[in-house]
Amino acid sequence: MPAAAYPGKECVCQFKRGICDQTCVQDMLDTPFYIACLKLRDRVGLVVGGGELGLEKTEGLLACDANVVVVSPEVLPEVERLAEEGSVVWLKREYEPSDLEGKFLVIACTDDTDTNIRIFEDAERRAMLANIVDVPPLCNFILPAIVRTGPLAIAISTAGASPALAKRMKDEISGMFGEEYARLAVILNDTRGWAKGTLPTYQDRKAFFEGIVNGDPDPIALLREGREDELHAIVADARRAAEAQLQQA
Ligand SMILES: C[C@@]1(CC(=O)O)C2=NC(=C\c3[nH]c(c(CCC(=O)O)c3CC(=O)O)Cc3[nH]c(c(CC(=O)O)c3CCC(=O)O)/C=C3\N/C(=C\2)[C@@H](CCC(=O)O)[C@]3(C)CC(=O)O)/[C@H]1CCC(=O)O
Ligand SMILES: NC(=O)c1ccc[n+]([C@@H]2O[C@H](COP(=O)([O-])OP(=O)(O)OC[C@H]3O[C@@H](n4cnc5c(N)ncnc54)[C@H](O)[C@@H]3O)[C@@H](O)[C@H]2O)c1
């Protein structure tokens, strides 16, 4: 246990209402987070609070095709506009526990600690996903920094140790894995249906895809050099070779 950073002071989380003992900070580093990609399309996400952070989280959910309900007595003009155009539902009032009904997840961004605690506890009772922004002890999931290009998404988490570092790594990683990786993913996806319909075993499919991804010539280098036609030819050849091998067997 590290020495308390704020000995004798109110807990920085403003949540325990006591003296800081750094328990929350240590808890985070001791937590093995299970990283997943959530499918939000046609599910409803609840955002409580319509300020700067509420807007940011609302936009993040909309970008993943979620339906969004914002509960907040006041909201930024941008949130009001989203409600007017029908992109979100805005309930112009304070949070109530029944707001959680039928929601897949809740993200709370209010400036009121009592409300934030209540939302987390209500959500936990329902075994619901809950993120109270920037308050790790009130999160059962946390948000990583994300590098997104086409179907590729690289998530960086520091388990809350340093969001600033996660953000820096995001910028560095986006330079390492650019458009050509996303393009390769799309090209390989186009051939997944064939592979699943034609290659009988998992091992066959694995060998097929790994042969291309790790092949010589390097598919990423081909795409980088604008030689996509050659890559398509390699995929077509690999398919023909796999089919021929199956016929012989
Ligand atoms: C990645 C990102 C995703 C997102 O929010 O979507 C994200 N925070 C981002 C930015 C950011 N947040 C903070 C700074 C200031 C610099 C700094 O403190 O480092 C910056 C940088 C900036 O704003 O430039 C302050 C901060 N954040 C948390 C605390 C609480 C604490 O430390 O106790 C405090 C201190 C508050 C205070 O001091 O009062 C807590 C969390 N923030 C998390 C996520 C989760 C852990 C992520 C991980 O695993 O690393 C977690 C645990 C919970 C959660 O909120 O999900 C997003 C980058 C978006 C992007 O650009 O890609
Ligand atoms: N803006 C930032 O960059 C930032 C960064 C770190 C932490 N924070 C903290 O995160 C919180 C949210 O940030 P913000 O800038 O969006 O704050 P904000 O004050 O602009 O917005 C808070 C929102 O919560 C709503 N709200 C308050 N009580 C409510 C209740 N009972 N039910 C429903 N809605 C309620 C308010 O109407 C308002 O829309 C604040 O506590 C802030 O200190 C903000």
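Residues numbered from 1 in each chain as written. Chains lettered and ligands numbered in written order. Predicted model: local features only at pLDDT ≥ 70, side-chain atom pairs only at ≥ 80, totals over all residues. Heavy atoms only, no water.

## What about the pairing of strand 5 (residues 129–132)?
Where strand 4 (residues 105–108) lies against strand 5, four bridges are found, and the strand directions are parallel. Bridging across to strand 5, V106 finds its partner in A130. Handedness of the crossover joining strand 4 and strand 5 through helix 4 (residues 113–125): right-handed. (Pairing = 2+ DSSP bridges. Helix = DSSP H or I, 4+ residues; strand = E, 2+ residues; numbered from the N terminus. Right-handed = clockwise from strand over helix to strand, strands pointing away.)

## Side note on the pattern of salt bridges
Applying the stated criterion across every chain yields a total of 13 salt bridges. Across the pair E172 and R168 runs a salt bridge, and its minimum N-O distance is 2.6 Å. One end of the pair is E172 and the other is R168, both in helix 5 (residues 163–176) and four residues apart, which spans about a single turn. Judged by relative accessible area, E172 falls into the partly exposed class, the value being 42%. Classification of R168 by relative accessible area gives exposed; the value is 53%. As a salt-bridge pair, E228 and R183 come within 2.6 Å of each other at their nearest N and O atoms. Placement of the pair is E228 in helix 10 (residues 228–248) and R183 in helix 6 (residues 179–190), with a sequence separation of 45 residues. The class for R183 is partly exposed, based on a relative accessible area of 32%. Within this structure, R93, E96 and D99 form a network of salt bridges that share partners. (Salt bridge = Lys/Arg side-chain N within 4 Å of Asp/Glu carboxyl O. Buried < 20%, exposed > 50% of the residue type's maximum accessible area, 1.4 Å probe, protein only.)

## Looking at the site of ligand 1
Residues in contact with ligand 1 amount to 18 residues; listed here are only the nearest, N131, S157, T158, K167 and K170. Between ligand 1 and S157, the relevant distance is 2.6 Å, taken from an oxygen atom to a side-chain nitrogen or oxygen of the residue. In the model, an oxygen atom of ligand 1 is placed 3.2 Å from a nitrogen or oxygen of the G160 main chain. Relative to its unbound accessible surface of 1100 Å², ligand 1 loses 64% to contact with the protein. By residue number, the principal contributor to the shell around ligand 1 is helix 5, which donates four residues. Split by residue class, the shell around ligand 1 holds 10 nonpolar, four polar and four charged. (Near = heavy atom within 4 Å. Polar contact = N/O pair within 3.5 Å; in protein donor to acceptor, adjacent residues only side chain to side chain. Areas by Shrake-Rupley, 256 points an atom, 1.4 Å probe, with all protein chains shown as cover. Nonpolar A, V, L, I, M, F, W, Y, C, P; charged D, E, K, R; others polar.)

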